[in-house]
Amino acid sequence: MLSDIMYATIYVTDQDRALEFYTGGLGLEKRLDFPGPDGRFLTVGVPDSPVQIILWSHPAAAGQPGGTGAPGPVILESGDLRNDFEIMRRRGVVFEESEPVEYPFGVRVEAVDPDGNRISLRQRPRP
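Report follows, based on the coordinates.

## Topic: the pairing of strand β3 (residues 39-45)
And step 1. By the criterion of burial, β3 is predominantly enclosed, with five of the seven residues buried.
And step 2. Between strand β2 (residues 29-36) and the antiparallel strand that follows it, β3, lie two residues.
And step 3. Across two bridges, β3 lies against strand β4 (residues 52-57) in antiparallel orientation. Paired with threonine 43 across the two strands is isoleucine 54, which belongs to β4.
And step 4. Counted along the chain from β3 to the antiparallel partner β4, the turn is six residues long, and its residue aspartate 48 has a positive phi close to 70 degrees.

Here it is, written out as structure tokens:
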């Protein structure tokens, strides 16, 4: 049986620029970076989480829209999204909304990476 999520992939046009956004902007950590037979295998992840995001060079697929209101290809969870939003905004991260929005399922905001990929940021509702 399957036991966990190992990787999610985000298609980018420039892996170094994407790495700077995901580490310097969103605060993820660089995990793997090595040349492979099909291209550079570069991953980032949330500290202390086993799941890794592959930043794969594939310009034709980078930033493909999911439509208004659709979640991004990756949803990252925060324990205090409003605070994290302010930190990320000071780091230069661009968001679709001017502030995080409250919903019955919690708080959400959509960040946009340099290739136009939407990265969903969520906070579960507080009890």
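This is not the end of the story, as more comes after the structure.
## As for unusual backbone geometry
And step 1. With phi around 70 degrees, aspartate 48 is a residue other than glycine that occupies positive phi space.
And step 2. By the secondary structure assignment, aspartate 48 is in the loop between β3 and β4.

## A closer look at the pattern of salt bridges
And step 1. Tallied over the entire structure, the rule returns 14 salt bridges.
And step 2. The closest approach of N and O atoms between arginine 89 and glutamate 86, which form a salt bridge, is 2.7 Å. Placement of both arginine 89 and glutamate 86 in helix α2 (residues 81-90) is noted, with a separation of three residues, approximately one turn of the helix.
And step 3. A salt bridge links glutamate 99 to arginine 89; its shortest N-O distance comes to 3.5 Å. Taken together, the positions of glutamate 99 in the loop between β6 (94-95) and β7 (101-103) and arginine 89 in helix α2 put the pair ten residues apart, joining distant regions of the chain.
And step 4. By relative accessible area, glutamate 99 is classed as partly exposed at 38%.
And step 5. For arginine 89, a relative accessible area of 36% gives the class partly exposed.
And step 6. Overlapping salt bridges, with partners in common, bring together Glu96, Glu97, Arg108, Glu110, Arg118 and Arg122 in one network.

## A closer look at helix α1 (residues 15-25)
And step 1. The complete set of buried residues in α1 reads Gln15, Ala18, Leu19, Phe21, Tyr22 and Gly25.
And step 2. Its side-chain oxygen at 3.0 Å from the backbone nitrogen of aspartate 16, aspartate 14 defines the N-terminal cap of α1.
And step 3. Immediately beyond the C-terminal end of α1, within one or two residues, lies glycine 27, with a positive phi of roughly 85 degrees.

## A short note on the sheet that holds β2
And step 1. Read across the sheet, four strands follow the order β1-β4-β3-β2 without closing on themselves; strand pairing throughout is mixed. The two strands at the open ends of the sheet, each matched to only one other strand, are β1 (7-12) and β2. Here the average twist between neighbouring strands, direction ignored, is 25 degrees.
And step 2. Note: β1 against β4, six bridges, orientation parallel. Directly across from valine 12, in β4, lies its bridge partner serine 57.
And step 3. On the sheet, α1 packs against β1, β2, β3 and β4 and is oriented at approximately 5 degrees with respect to β3.

## Some remarks on the environment of glycine 24
And step 1. Mapped onto the elements of the fold, glycine 24 is located in helix α1.
And step 2. For glycine 24 and glycine 72, which are 48 residues apart along the polypeptide, the C-alpha to C-alpha distance reads 19 Å.

Reading the values: rules and limits
The residue count restarts for each chain, going from 1 along the sequence in the order it is written. Reporting in this predicted model follows two pLDDT cut-offs: at least 70 for local features of residues, and 80 or more for side-chain atom pairs to be given and counted; totals over whole chains, interfaces and linings ignore these cut-offs and use all residues. In computing side-chain properties, one takes all heavy atoms of the structure into account and sets aside hydrogens as well as water. Whether a residue is buried, partly exposed or exposed follows from its accessible area with a 1.4 Å probe, protein chains only, as a fraction of its type maximum: under 20%, in between, or over 50%, in that order. Only DSSP runs of H or I covering at least 4 residues are called helices, and only runs of E covering at least 2 are called strands; the numbering of each starts at the N terminus. Here a strand pair is declared whenever DSSP counts at least two bridges between the two strands. We count a salt bridge whenever a side-chain nitrogen from Lys or Arg sits within 4 Å of a carboxyl oxygen from Asp or Glu. Any pair of nitrogen or oxygen atoms within 3.5 Å is treated as a polar contact; in protein, a donor-acceptor pairing is required on top of that, and neighbouring residues in sequence qualify only through side-chain atoms on both sides. To obtain an axis, a line is fitted to C-alpha atoms, over the contacting stretch when the element is a helix, and the angle between two such axes runs from 0 to 180 degrees between their N-to-C directions. Only heavy atoms enter the contact rule, under which two residues are in contact if any of them lie within 4.5 Å.

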